[in-house]
Structure formats: C-alpha cells, structure tokens
Amino acid sequence: MFNWLRARFGSAPRVLSMVANWLSNAVWLFDTKFLTLTQQAFQQNEVVYACLRLLSQSVPEAPLISYKMKNNNERSPLDYDHPLVKLIRRPNRLMTEYEFWELTTLHMGIVGRSTWWKERDFMGHTIGLWPMRPDRVGPIYSDTNDPATNVLWGWSYLCPDGSGQISIPADDVLFFNFPDPTGESGGMVEGYGPLQALARQVAADNEATKFVGALLANYAAPTVLLKVKAPIRTEGEATLIKQKFRQEFGGAQRGTPAVLDADTDIDTIGFNLQQLEFPDLRDIAESRLAAALGVPAILVGLKVGLSLGNNRASITEQRSYFAETTLSNYWRRYQDGINTQLAIEFGDDIVCEFDSLQVRALSLQFADKIAPIKSAFGAGGATRNEYRAAMHLPLLPPETGDIFLVPRNMIEMPKDKEIAQLLPPGNTLPPGQEKPASEQPAASVMPNEEMMQKSVKAVADFGYQTDAENELAAIIAAMFATYLPIAEQVLRSNATFPFTTFRNALRRAIEPVLVKYALEQAVREA
C-alpha cells in the first residue's frame, strides 16, 4: 500500500496555506502521544481498556444504512449491491464494517482523530478504506482562497519504514476528529481525545497499581526492620542478612515460624489489605476515567458504579442513558463525516444514517414512542403510510397506503347523533331510563321477520337434533344481531346499555320455544 501511495502522491504539488504563512506548505505531525497513550493507558490500565472496549464495541451495534433521497423528502434504502453499500460493508479486504467502526472509535478515544486513506480504482472511484496510524499523519495547511483547498490542502503520511513522508490530497482521506480548540485551524482539523485529558489520572492510577504490586512482592510491607545487636561492619554483611531473611521467610516460605537468637529483633511496618488498595484514590480515578470516556461505570463493572446499584433496573437504565448520550453523539459525528466526505462521491442524493432501531438498549423506548401511532392505526385514526413512516418502513403507493383501516366492529356515527336513535322503535328514551317491560309493546323489542329468517338460515348447518333447538339458536342469534350495534355505540359514548329491554325481549322470544322443547323432550321419553 505504501509503495502505491508513494508512486501516486510522492510528487504532489505544494500549495500555499490559508492559516499563518509560516505554516503553509510545511509538513506537520500532530504529536507523538498516540503510541505512548496506547502503551501506557490502553494496554496497561485495565479501567481504560474496559471503558474503551465497551465504547468501541457498542458503536457498531447500530448499522450504517445508505439511502437515496426523493423529491418529497422520502427515502429508500440502496440496493445490497450498490458500490457504497458494498464499501461500507467491507471497507477493505481485511476488515468488516464492525471492525472499521471499532478501530475508528479506539483512535477517537485515545487521541481524538482517525484518518483513513481512500483507495481508488483507475476511474477515480473509492473502492477501499485503509487506516493510517494517527501519530504518523499530519496536516498540510493552506491559506489560498480556493474553496477546495482553503485551510487544508491535504495530509502528510510518515512511512513506517522511515523512508520519508507522502503528501496526500484532502479528497483522498476520510477523517474524523474531536475538535481541539488550540489547534492552528481552530479545531477543524486537529483533534483532542479523552485519554489525552486523562493522561495524568491514568499515570497516577498506574503508579498506585505498581506501588501495591511492589508492596505485595515485598511481603505487603514498605519496610522490614531487622535489629542485630552485633555491629555490621560492611555493606556485604547487611546484604547477606537480607538475602538470608528473604530466603528463609519469603516466597513459598511466607508464614513459616521464625527462630531467632536473643541478639536479633524483627520490626515490621505495613498496611492491611484495605489500606493497600487506596479505596478513595481508586474510586476517584475510576469515576474520572469513566466520565471522560462517556461510559457509565456500572456497565464496565467498576466498583464506583456497582456501589450505587447493581440491580437489573439500574443496568437497563444506564444502558439506555449510554445509548442516548454517548453513542448517539458518536453516530451523528460519524454519519456526518461519511455524508460529507464519502457518500457525496456516489451522488448528491445519497445519505447515510445509523439505524438506532436495532440497538437493544433503545428498543423499549422505540416501542413507547410508536405506541400512540400504533393505537391510532388500529382504531382507524391513521393511514397505512402514516403508520409505516413511524415504523421507518418504505411507503406504499397512495391507492393502497393512504387509506384508513377501520375495524368491522366499529360504526361511524355523527357527533350529534344520540344513542336513542339506534334503539328499536318504541324505546326512544335515553339509556338507563327505558320504559318498564309492562309498558313496552312486544313488537318494539322483538327481532323482525327478516332478521329471524337470516338467523335460521345461518344456524341451519349447526346440526341441532330438533326443530326447537334450531329455533332457539336462531332467536338468540337474531337478538344479538339486533342489539350488538347498540352495545357498540354504548361503549363508544359511555352511555348505559338497555339491559331491561334486552332481558325482557329475550324472555318473551324464547319462552314459547322452551315450552315447545319441553314437549318434544317428553314425547321422546314416552
């Protein structure tokens, strides 16, 4: 890769810088702290490693989806074989999309910047993205008025073999950064990472760990004082006594009884295990490291987080908080960089966005968010397309999408229409104030002849044994068919169902049938 870079960009023309003249055309390396921070913090401090591991493995949980925008602000996902989709899915032959965002987030967490070289084919199309170690990349500033090269002409890359630096135009580099306000460009190009701010805290925590380790290696005591009454004349004699003591009571011999003569005394000055761990110092270090990296302490198992609560509810809440704050900011920063530096090469109408709906910590919140539109859709208050838009699904054509689905058990009724208008003739009083059964004509509450014929036909296939059974089933079906619309409107208007009317009508309808059924039963038994 480096030979190809040298062959293509080794003779790239130098241009003037737009920032301070003394900066223009010069090749600058940001700093050399990346390697030091990586070795002393990420690779040696378990708290830093745990926080960065969680952060870098959580960002890729939301996949980056590419869309094609339409004139009406609608969008549709790009095909699986689209060049941009393929590039994001496999940035280079050695990395997947997950690994791409994982490494990018590690670079950002350590030094606040991540740079990737765009590999192009002979037609100039980007076909690969390759990582460049942050401490080997520096800006080539520009002070021209050309919109394409003002502030930044490109980047210089220091070859790993030390053979020289390669100048790469800005269009051939994809970079992300946390702004550094003290940078020469005001923070547009330079970066400042969380671990740079935590350098002293990490160093103090590492020293505390080394100190405890040294104490444990030396019997967990800073001093073992051996008092010998006989004079020690030479340094060699003192060294011999120390070595003899370590041989007899150190290592695997710890805890064995000591036998000394009357001229020798042992005084020890040490700490107990609680004192050795420096609990206050450890808690402060853990909380500061987790806070600067934007990671809830409880999610990485830090003591300062577990002491506040380790129940399932607390962990679930912290996961949601972590996704809503830290991860959302990373997703927005990354997708903006992709859209302005990479997606635009594939078309002005191409945009990329992280699909946070696939993040488990946010799934419950999404369910709560769509609950109103889901209820409205089920009740016929929202169209198919309104529901699909809330679910982030492609819209349907207007003839099938811009319609309301009204349940069959719901009846449209004007706002000023009264429930009494739906009652059978002769029962026009408001619900709850029906006439007594003795004052109501039977015809007003009995199913009509047409309803009875339909009901008899509907139950004819049920296989009842007698005519009375068939007639009884038909009457009950007709009664329910008559009063079901009334019950539905009562439920919708919070009115009172005319139970007295329904009960009296049902009794008058089935009493003759019950007598007929009793006679048939008596004839069969005889």
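Relevant structure appears above.
Our subject in this report is the structure included herewith. This structure is a prediction, so every number in the text was calculated from the model and none was measured.

With that out of the way, let us pick up the overall build of the protein. Counting secondary structure elements, the protein contains 19 helices and 11 strands. Here the protein holds 526 residues, and 37% of them are scored as buried. Long-range pairs, those at least 24 residues apart, make up 63% of the contacts in the protein between residues at least 6 apart in sequence. Per element, the accessible surface of the protein, about 30,800 Å² overall, is 56% carbon and sulfur.

Summarising burial for strand 6 (residues 151-158): seven of the eight residues are buried, a large majority. In this sheet, strand 7 (residues 165-169) lies alongside strand 6 in antiparallel orientation, the contact comprising five bridges. In the sheet register, W155 faces strand 7, and the bridge partner there is I168. Connecting the antiparallel pair strand 6 and strand 7 is a turn made up of six residues, with G162 showing a positive phi of about 75 degrees.

A few words on the side chain of Q341. Relative to the elements of secondary structure, Q341 occurs in helix 12 (residues 312-341). Taking the relative accessible area as the measure of exposure, Q341 reaches 18% and is therefore buried. Within the local environment of Q341, its side chain forms a polar contact with the backbone oxygen of F175, the two atoms lying 2.9 Å apart. Beyond its immediate sequence surroundings of up to four residues, Q341 is in contact with K118, V173, L174 and F175.

On to the pairing of strand 5 (residues 137-142). The buried fraction of strand 5 amounts to six of the six residues, a majority that puts the element mostly inside the structure. As judged from the six bridges shared by strand 5 and strand 6, these two strands associate in the antiparallel manner. If you follow S142 over to strand 6, its bridge partner there is V151.

Let us look at the pattern of salt bridges. Applying the stated rule across the entire model yields eight salt bridges. Close ionic contact of R332 with D336 constitutes a salt bridge, the shortest N to O distance being 3.0 Å. Remark: D336 and R332 occur in helix 12; sequence separation between them is four residues, near one turn of the helix. We classify D336 as partly exposed; its relative accessible area is 32%.

If you check which residues of helix 2 (residues 33-42) are buried, you get F34, L37, T38, A41 and F42. Buried positions in helix 2, seen along its axis, are confined to an arc of 105 degrees and lie on one side of it.

Right, let's talk about the sheet that holds strand 6 for a bit. With antiparallel pairing, the three strands of this open sheet are ordered in space as 5-6-7. Taken across any chain shown, the strands that pair with only one partner, and hence form the sheet edges, are strand 5 and strand 7. When the angles between neighbouring strand axes are averaged without regard to direction, this sheet yields 30 degrees.

As a further point, take the side chain of S114. Inspection of the secondary structure puts S114 in strand 3 (residues 113-120). For S114, a relative accessible area of 0% corresponds to the buried category. For S114, the residues in contact, after removing those within four places along its chain, are T104, H107, M108, L174, F175 and F176.

With antiparallel pairing, the three strands of this open sheet are ordered in space as 4-3-8. Strand pairing shows two members of the sheet lacking a second neighbour, strand 4 (126-132) and strand 8 (173-177), which therefore form its edges. Strand-to-strand twist in this sheet, taken as the mean axis angle between neighbours without regard to direction, amounts to 25 degrees. As paired elements, strand 3 and strand 8 share five bridges and run antiparallel to each other. Each residue of the ladder has a partner; that of W116, found in strand 8, is L174. Strand contacts of helix 5 (residues 97-111): strand 3, strand 4 and strand 8, with the helix running at about 140 degrees to strand 3, the strand carrying the most contacts.

The rules behind the values
Residues numbered from 1 in each chain as written. Predicted model: local features only at pLDDT ≥ 70, side-chain atom pairs only at ≥ 80, totals over all residues. Heavy atoms only, no water. Helix = DSSP H or I, 4+ residues; strand = E, 2+ residues; numbered from the N terminus. Buried < 20%, exposed > 50% of the residue type's maximum accessible area, 1.4 Å probe, protein only. Contact = heavy atoms within 4.5 Å. Areas by Shrake-Rupley, 256 points an atom, 1.4 Å probe, with all protein chains shown as cover. Pairing = 2+ DSSP bridges. Polar contact = N/O pair within 3.5 Å; in protein donor to acceptor, adjacent residues only side chain to side chain. Salt bridge = Lys/Arg side-chain N within 4 Å of Asp/Glu carboxyl O. Arc of directions from axis to C-beta. Axes fitted to C-alpha atoms, helices over the stretch in contact; angles between N-to-C directions.

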